[in-house]
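So you can see what is in the structure, the chains are spelled out below.
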Amino acid sequence: MLTITNHTLEKLEMLLKTTGYKVRYEKGNFKTGACLLQNSKVIMVNKFSGLESRILAISELARELDIDYNLLDEKQTAFIQQLKQTKLEL
């Protein structure tokens, strides 16, 4: 189970950054959450989402992405494996 803290959000962002994804927080006309922009490795997150919504949205995307484990260190590999085995609910 993921804890809802800024540290967890930072770990998710660093994990994605290590694998070549860029996480951007923008305001706009899209639902709360995150989306992957046309396979461009840019993840957009609604700027006005709360911490819990941000973590949920980014972690759901991270679970679905094909991540190259060779780019990750041991802690990040363990974190993504834990993430893929965890079902998140609000």
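Here the residue index of a chain counts from 1 through its sequence in written order. Only residues with pLDDT of 70 or above have their local features reported here, since the model is predicted, and side-chain atom pairs are shown and tallied only from 80 upward, although totals for entire chains, interfaces and linings are computed over all residues. Calculation of side-chain values draws on the structure's entire complement of heavy atoms; hydrogens and water are dropped beforehand.

## With respect to helix 3 (residues 74-85)
Here's step 1: Helical segments are the DSSP runs of H or I of at least four residues, strand segments are the runs of E of at least two, and each set is numbered from the N terminus. Here, expected helix span is obtained from the residue count minus one, scaled by 1.5 Å. The end-to-end C-alpha distance of helix 3, which contains 12 residues, comes to 17 Å, matching closely the 16 Å that a straight helix rising 1.5 Å per residue would cover.
Here's step 2: Every buried residue belonging to helix 3 is among Gln 76, Thr 77, Phe 79, Ile 80 and Leu 83, and all of these are buried. The buried residues of helix 3 occupy an angular sector of 160 degrees when the element is viewed end-on, so they sit on one face. Opposite the buried face of helix 3, by more than 90 degrees, sit the exposed residues Glu 74, Lys 75 and Gln 85.
Here's step 3: Every residue pair with non-hydrogen atoms within 4.5 Å of one another is taken to be in contact. Against helix 1 (6-18) and helix 2 (51-64) lie the buried residues of helix 3.
Here's step 4: Within 3.5 Å is the distance limit for a polar contact, defined as a pair of N or O atoms, with the added protein rule that one can donate a hydrogen and the other accept it, and that residues adjacent in sequence qualify only through two side-chain atoms. Put simply, Asp 73 is the residue that caps the front of helix 3, since its side-chain oxygen is 3.2 Å from the backbone nitrogen of Lys 75. Note on exposure labels: buried denotes an accessible area under 20% of the residue type's maximum, exposed denotes more than 50%, and partly exposed covers the range between, all computed with a 1.4 Å probe on protein chains only. Working definition: the arc comes from the directions between the helix axis and the C-beta atoms, pointing outward to the latter.

## Re the environment of Leu 15
Here's step 1: Position of Leu 15 relative to the elements: it lies in helix 1.
Here's step 2: Considering only alpha carbons, one finds Leu 15 and Leu 71, 56 residues apart in sequence, at a separation of 9.6 Å.

## Focus on the packing of helix 1 against helix 3
Here's step 1: Where helices are involved, their axes are fitted lines through C-alpha atoms of the stretch in contact, as for all axes, and angles between N-to-C directions lie from 0 to 180°. Contact geometry for helix 1 and helix 3: axes closest at 11 Å, N-to-C directions at 110 degrees. In terms of orientation, helix 1 lies roughly perpendicular with respect to helix 3. For the crossing formed where helix 1 meets helix 3, the hand is left-handed. Residues Lys 11, Leu 12, Met 14, Leu 15 and Thr 18 of helix 1 pack against Gln 76, Phe 79, Ile 80 and Leu 83 of helix 3. The labels follow the angle: roughly parallel below 35 degrees, roughly antiparallel above 145, roughly perpendicular from 65 to 115, and oblique for the rest. In this scheme the crossing of two helices becomes right-handed for a clockwise turn of the near helix relative to the far one and left-handed for an anticlockwise turn of less than a right angle.

## A look at the nonpolar core
Across soluble globular proteins, nonpolar side chains show a tendency to be buried alongside one another.
Here's step 1: The biggest cluster of nonpolar side chains holds 19 residues, and the ones touching the most others in it are Leu 12, Leu 16, Ile 43, Ile 58, Leu 65, Ile 80 and Leu 83.
Here's step 2: Those residues in contact with Ile 80 that lie beyond four places of it in its chain are Leu 15, Ala 62, Ile 67, Tyr 69 and Leu 72. For the purposes of this section, nonpolar cores are sets of buried Ala, Val, Leu, Ile, Met, Phe, Trp, Tyr and Cys residues that join through side-chain atoms within 4.5 Å.

## Description of the pattern of salt bridges
Here's step 1: Any carboxyl oxygen of Asp or Glu that lies within 4 Å of a side-chain nitrogen of Lys or Arg is treated as forming a salt bridge with it. Following the criterion strictly, the structure yields one salt bridge and no others.
Here's step 2: Its salt-bridge partner being Glu 26, residue Arg 24 comes within 3.1 Å of it at the nearest N-O pair.
Here's step 3: Using a relative accessible area of 32% as the deciding quantity, one classes Arg 24 as partly exposed.

## Focus on the pairing of strand 3 (residues 42-46)
Here's step 1: Within strand 3, five of the five residues are buried, which leaves it mostly tucked inside the rest of the structure.
Here's step 2: Side chains Val 42, Met 44 and Asn 46 project from strand 3 onto one buried face, and the interleaved Ile 43 and Val 45 project onto a second face that is buried too.
Here's step 3: Here strand 1 (residues 22-26) runs beside strand 3; their pairing, made up of five bridges, is parallel. Bridging from a neighbouring strand, Lys 22 pairs with Val 42 of strand 3. Strands are labelled as partners when DSSP assigns at least two bridges between them.

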